[in-house]
Amino acid sequence: MAKNSIKSLLVAAFSAVLLVLGTAVHANEGEGEGPKAEFNAGEAILHHIADAHEWHFFTIGDTHVTLPLPVILYSPQRGLCMFSSGNFHHGESAYNGYKLDHGHVVAVNENGTVDESVKVYDFSMTKNVVQMLLAVITLIWLMTSIAKKYQQNGATKAPTGLQNAIEPVITFVRDEVARPNLGAKYKKYLPYLLTVFFFILINNIFGLIPGAANVTGNIAFTALLALISLVVILFSTNGHFWGHIFWPPGVPFLVKLILIPVELLGVFIKPAALMIRLFANMTAGHIVILSFVSLIFIFGQMSTVAGWGFSPVSIAFSVFIYVIEVLVAFIQAFIFTNLTAVFIGQAFEGEHHHEDAHGHEAAKAH
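Residues numbered from 1 in each chain as written. Predicted model: local features only at pLDDT ≥ 70, side-chain atom pairs only at ≥ 80, totals over all residues. Heavy atoms only, no water.

1. Examining the overall build of the protein
Logical step 1: What the protein contains, in helices and strands, is 10 helices and seven strands.
Logical step 2: Classification of the 366 residues of the protein by burial places 37% in the buried group.
Logical step 3: For the protein, restricting intrachain contacts to residue pairs at least 6 apart in sequence, the fraction spanning at least 24 positions comes to 65%. (Helix = DSSP H or I, 4+ residues; strand = E, 2+ residues; numbered from the N terminus. Buried < 20%, exposed > 50% of the residue type's maximum accessible area, 1.4 Å probe, protein only. Contact = heavy atoms within 4.5 Å.)

In structure tokens, the structure reads:
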């Protein structure tokens, strides 16, 4: 009974937040364009899933509830410059020779026009960067807390609380991801796989909080994760791996000439698939949820009655997709980690088989 009450409360709270966010979208789109400004759903959705120099929560009337973030710029012509993004006044004004242009900081002249001759390198603490740092802090706190409990209690006491919730996940990654794909070397790569899994999972969960940043839906973030995995894969390779790429055994010479560039390209396609898969799935979920919310205002422009009438339907579908996205958050973290383990295992596959054969011979000798 209490469980059902909590679920109902969560659904009601989430529905209310969706309405507030939708109102914020509508207010932002209509600002400065008159009371009859048309609502641009595509522009509003892209604005909410994109990175920003300020953390915008919601808008009530003409009041924007935001958290300004540090702007750190370097220009060879103007040098280093640091200030708060609040000085941009939500992109409406320039400050210290810079202004926001469609989410990007550009240099401007005294008359306010863009100065193309000034090169700007942006090292600002954007919304995605801040949330990623929060995810790192959460990950470190989570793992160190569990590690301290193991140090204090050892294996003599059954895990409780947070330790009891996280331990099955760690065991799952070890037994279902690391061991089957990496064999005897699983302990060497397990810390990396656990870090990747929990880091992606935490960012996925944070991204589902209304008003939070969509970090895993940023192609730069997923590209960096894929690049790190590529480095780990390349450092795990052996002669057997490269021999199969540059001179596949048992293949006619002319076919080898065709297979060599294909196999070499496959080395880079694998991490690229990791990058696109995570980015596309997490971005798609946010777009679908925001699309259902936007339908309220699209119907509202046709008729006020239609807007209010469609609101329950839109909220119901949004909550349904939101619940699915919670599941997708776990699935995408697992898929990225599992495929990384598969690709690492393929990198030393010949050596892995050799070690297994050696182990079987040693067992027979005994």
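2. Side note on helix α9 (residues 304-347)
Logical step 1: Relative to the 64 Å expected for 44 residues at 1.5 Å per residue, α9 spans 60 Å between its end C-alpha atoms, a close match to the ideal helical length.
Logical step 2: Taking the largest bend as the criterion, α9 deviates by roughly 35°, centred on S311, and proline P312 comes between one and four positions later. (Expected span 1.5 Å × (residues − 1). Bend = angle between axes of the 7 residues up to and from the residue.)

3. Observations concerning the packing of helix α5 (residues 186-207) against helix α6 (residues 219-235)
Logical step 1: The geometry of α5 relative to α6 is characterised by a closest axis approach of 13 Å and an angle of 175° between their N-to-C directions. The orientation of α5 with respect to α6, classified from their angle, is roughly antiparallel. Here Y189, Y192, F199, I200 and N203 of α5 lie close against α6, whose contacting residues are F221, L225, I228, S229 and V232.
Logical step 2: The class makeup of the residues in the contact of α5 with α6 is eight nonpolar, two polar and no charged. (Axes fitted to C-alpha atoms, helices over the stretch in contact; angles between N-to-C directions. Parallel < 35°, antiparallel > 145°, perpendicular 65-115°, else oblique. Nonpolar A, V, L, I, M, F, W, Y, C, P; charged D, E, K, R; others polar.)

4. Describing unusual backbone geometry
Logical step 1: Phi is positive for N96, which is not a glycine, with a value near 55°.
Logical step 2: For N96, the position within the fold is in the loop between β4 (79-84) and β5 (98-101).

5. Describing the pattern of salt bridges
Logical step 1: This model, assessed by the stated rule, comprises three salt bridges.
Logical step 2: Residues D175 and R174 are paired through a salt bridge, measuring 2.8 Å at the closest nitrogen-oxygen approach.
Logical step 3: When the shortest N-O distance is used, the salt bridge between D175 and R179 registers 3.1 Å. With D175 and R179 both in helix α4 (residues 161-182) and four residues apart, this pair spans about one turn of that helix. (Salt bridge = Lys/Arg side-chain N within 4 Å of Asp/Glu carboxyl O.)

6. Details of the nonpolar core
Logical step 1: Counting residues in each nonpolar core, the largest one holds 39 residues, and the members touching the most others are L182 and L193.
Logical step 2: Every element with two or more residues in this core is listed here: α3 (127-153), α4, α5, α6, α8 (253-302) and α9.
Logical step 3: Core analysis: the next-biggest nonpolar cluster, separate from the first, contains 10 residues, L73, F88, V105 and V120 among them. (Core = buried A, V, L, I, M, F, W, Y, C linked by side-chain atoms within 4.5 Å.)

7. Thoughts on the pairing of strand β3 (residues 70-75)
Logical step 1: On β3, burial follows the alternation: V71, L73 and S75 on one face are buried, whereas P70, I72 and Y74 on the facing-out side are not.
Logical step 2: Connecting β3 to the next strand, β4, in antiparallel fashion are three residues.
Logical step 3: Note: β3 against strand β7 (residues 121-122), two bridges, orientation antiparallel. Across the sheet, Y74 pairs through a bridge with Y121, a residue of β7. (Pairing = 2+ DSSP bridges.)

8. Section: a nonpolar patch on the surface
Logical step 1: Where nonpolar side chains cluster on the molecular surface, the patch consists of F246, W247, F253, L254, L257, L264 and F268 and spans about 740 Å² of accessible area.
Logical step 2: Sorting elements by how many residues they give to the nonpolar patch places α8 first, with five residues.
Logical step 3: Note that L257 resides in helix α8. (Patch = residues over 30% accessible without salt bridge, like charges linked within 9 Å, V, L, I, M, F, W, Y side chains within 5 Å. Areas by Shrake-Rupley, 256 points an atom, 1.4 Å probe, with all protein chains shown as cover.)

9. Some remarks on the side chain of T283
Logical step 1: Tracing the backbone shows T283 in helix α8.
Logical step 2: A polar atom in the side chain of T283 sits 2.7 Å from the backbone oxygen of F279.
Logical step 3: For T283, the contacting residues outside a window of four places in its chain are I49, N214 and G217. (Polar contact = N/O pair within 3.5 Å; in protein donor to acceptor, adjacent residues only side chain to side chain.)

10. Some points on the confidence of the model for the protein
Logical step 1: Averaged over all residues, the pLDDT of the protein equals 80, while 85% of them reach at least 70.
Logical step 2: Considering only residues more than four positions removed or in separate chains, one finds that residues 23-35, a stretch of pLDDT under 50, has 21 contacts.
Logical step 3: When the criterion is pLDDT under 50, residues 352-366 qualifies, and its contacts beyond four places in sequence or with other chains add up to five contacts. (pLDDT = per-residue confidence, 0-100.)

11. Notes on the environment of N164
Logical step 1: Relative to the helices and strands, N164 is located in helix α4.
Logical step 2: Its relative accessible area of 42% is what places N164 among the partly exposed residues.
Logical step 3: Here the alpha-carbon distance between N164 and I146, two residues 18 residues apart in the chain, equals 9.2 Å.

12. So, the environment of N109
Logical step 1: Checked against the element boundaries, N109 lands in the loop between β6 (104-107) and β7.
Logical step 2: Counting along the chain gives 11 residues from N109 to Y98, while the straight-line C-alpha distance between them is 8.5 Å.

13. A short note on α5
Logical step 1: Between its first and last C-alpha atoms α5 spans 30 Å; for 22 residues at 1.5 Å apiece the expected length is 32 Å, and the two agree.
Logical step 2: The axis of α5 is deflected most strongly, by about 25°, at Y192.
Logical step 3: α5 sits mainly inside the fold: 16 of its 22 residues count as buried.

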